[in-house]
Amino acid sequence: ITGGSGLFGQRFPLGAAARATYRYGGGLAGQVGIGAISKAPALPGGFSVSNPVPTWGASNAESVSDGEANITRWLRHRDRLVTAQDFSDITWRTPGVDLGRVDVLPLFDPDAADPTSTWPGMVTVLVVPSSDPLHPNAPVPDLTFLNSVCSWLDPRRLITTEVHVRGPVYQQIWVSVGIEVLPGQVPSLVQNAVRAAVTTFLSPLQGGLPQLSSGTGILTTASTTTGSGWPLNTTVRSQDIAAVATRVPGVRYVDSVLIAGANPDGSIAASMDPVPIAGLQLPAATVFVNGGPAEGPSSLISSSQAALPTQVAVPLVPPTC
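My aim in this report is to walk through the structure given alongside it, one point at a time. All residue numbers refer to position in the chain's written sequence, counted from 1. Only residues with pLDDT of 70 or above have their local features reported here, since the model is predicted, and side-chain atom pairs are shown and tallied only from 80 upward, although totals for entire chains, interfaces and linings are computed over all residues. In computing side-chain properties, one takes all heavy atoms of the structure into account and sets aside hydrogens as well as water.

Some words on the nonpolar core
Move 1: The biggest cluster of nonpolar side chains holds 34 residues, and the ones touching the most others in it are Val-175, Val-177, Val-194, Leu-202, Val-236 and Ile-241.
Move 2: Labels follow the DSSP assignment, with helices taken as runs of H or I lasting at least four residues and strands as runs of E lasting at least two, numbered in each case from the N terminus. Those elements that provide at least two residues to this core are strand E4 (169-181), helix H4 (187-201), helix H6 (238-246), strand E7 (251-262) and strand E9 (281-291).
Move 3: Ranked by residue count, the leading element in this core is H4, at five residues.
Move 4: Core analysis: the next-biggest nonpolar cluster, separate from the first, contains 15 residues, Phe-87, Leu-99, Val-123 and Leu-153 among them. Nonpolar core, defined: a set of buried Ala, Val, Leu, Ile, Met, Phe, Trp, Tyr and Cys residues in which side-chain atoms within 4.5 Å join the residues together. Working definition: with a 1.4 Å probe on protein chains only, accessible area under 20% of the residue-type maximum means buried, over 50% means exposed, and in between means partly exposed.

Following this line, the structure appears as structure tokens:
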């Protein structure tokens, strides 16, 4: 709230109390950038409104079914972090952050050289935001996001438990799929459908392998579009990608699948199959689809990446907690 300068408009008198009210709500739709708020239906004449900083902390309202389920969860954990399920349930209820995925890794040290080693008394919580405008296919939590989760978990942990909250470590891969289309189908539409299916299959939020329906013993393919994200410690294989592409309507058969990946030193391995995934790693995939044999991913990588702008080195606080 700003007053006049004394020359243009009246200053607030010394010691005066100013009161403002506002409405809030709307879930994620209320989370907007700088300058997005410029009008209001009930704003009196002569007044203007703007937001010099972005809004944050928005989340969608809890559904009735989720609220009912959380009652029984609270009765079990009593807001204390003891079991891995307690960590998962309580992390999902962190206020002010929009979580898309939570994985709990007991006895896991995110900084250890060997991801298979065990560390008694240590728990690592992997969190992935539900959206990221800068990295839509590989969402990354920023430091504010991680600190919010840490501040929520810290007073609820046992005094003997060391808790780490981290985001995923993405393994960049490039997947090239060659398909043959059934007669009468539009090749470009089928290729786009295959690209979307494979991208979703490898997604950190919606991907995953087909799973058995609970209690039925029936294999479902819905998990390729409505899964909970690519599982940790699950190798990416060309055979799985070929199976997903084959299930897309209009595909006669998959000719071949080629995968390229990034080495730890940043160089690109022209052929990487299978792609090992360990620790906090998740795949970040760029998918190419064409008719006939799959094109070599290494020849497609340069055309898929935009030129980097001029970069200036700026010291950053590591996004860890």
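A short note on the pattern of salt bridges
Side chains that differ in charge, positive against negative, can pair when their charged atoms come close.
Move 1: What counts as a salt bridge is simple: a side-chain nitrogen of Lys or Arg found within 4 Å of a carboxyl oxygen of Asp or Glu. Under the definition given, this model contains four salt bridges.
Move 2: The partner of Asp-79 in a salt bridge is Arg-156, and the shortest N-O contact between them spans 3.0 Å. Here Asp-79 is found in the loop between helix H1 (64-77) and helix H2 (84-92), whereas its partner Arg-156 is found in the loop between helix H3 (143-153) and strand E3 (162-166), with 77 residues between them in sequence.
Move 3: Salt-bridge contacts for Asp-103 lead to Arg-101; the nearest nitrogen and oxygen are separated by 2.5 Å. For the pair Asp-103 and Arg-101, one class covers both residues: buried.

A word on the packing of aromatic side chains
Move 1: Side-chain rings of Phe, Tyr and Trp (the six-membered ring for Trp) are treated as a pair once their centres are within 6.5 Å; stacked means planes under 30 degrees apart, edge-to-face means over 60, and tilted covers the remaining angles. Applying the stated rule across the entire model yields one aromatic pair.
Move 2: Here Phe-201 and Trp-230 contribute two aromatic rings whose centre-to-centre distance is 5.1 Å and whose plane-to-plane angle is 85 degrees, an arrangement assigned as edge-to-face. Within this pair, whereas Phe-201 is found in helix H4, its partner Trp-230 is found in the loop between helix H5 (223-226) and H6, the two being separated by 29 residues in sequence.
Move 3: When its relative accessible area of 2% is taken as the criterion, Phe-201 is described as buried.
Move 4: According to the relative accessible area criterion, Trp-230 is buried, its value standing at 0%.

Regarding H1
Move 1: Each residue after the first adds 1.5 Å to the expected span of a helix. A rise of 1.5 Å per residue sets the reference length of H1, with its 14 residues, at 20 Å; its end C-alpha atoms lie 20 Å apart and thus fit the reference within 8%.
Move 2: Buried within H1 are the following residues: Gly-67, Asn-70 and His-77.
Move 3: Arg-78 sits one or two residues past H1 and shows a positive phi near 50 degrees.

Side note on the sheet that holds strand E8 (residues 268-269)
Sheets are built from strands that pair by backbone hydrogen bonding, the pairs being arranged parallel or antiparallel.
Move 1: Pairing between strands is defined by DSSP: at least two bridges between the two strands are required. The four strands lie next to each other as E8-E7-E4-E9, forming an open sheet whose pairing is mixed. Where the open sheet ends on each side, the last strands, each with one partner, are E8 and E9.
Move 2: Of the pairings in the sheet, the one linking E7 to E8 comprises two bridges and is antiparallel in character. Across the sheet, Gly-261 pairs through a bridge with Ala-269, a residue of E8.
Move 3: Between two residues, a contact is recorded if the distance between any of their heavy atoms is within 4.5 Å. Angular values range over 0 to 180 degrees, each being the angle between N-to-C directions of two axes fitted as lines to C-alpha atoms, with helices fitted over their stretch in contact. Its contacts with the sheet put H4 on E4, E7 and E9, and the angle it makes with E9 is roughly 170 degrees.
Move 4: In the packing of H6 onto the sheet, contacts are made with E4 and E7, and the angle to E7 comes to roughly 145 degrees.

Observations regarding a nonpolar patch on the surface
Move 1: Taken together, Ile-71, Trp-74 and Leu-75 make up a surface patch of nonpolar side chains, about 310 Å² in accessible area.
Move 2: Tracing the backbone through its elements, the reader meets Trp-74 in helix H1. Only residues whose relative accessible area exceeds 30% and that form no salt bridge enter a patch; like-charged residues are grouped when within 9 Å of one another, and nonpolar side chains (Val, Leu, Ile, Met, Phe, Trp, Tyr) when within 5 Å. The accessible surface values rely on the Shrake-Rupley method and a 1.4 Å probe; as for residues, cover is taken only from the protein chains in view.

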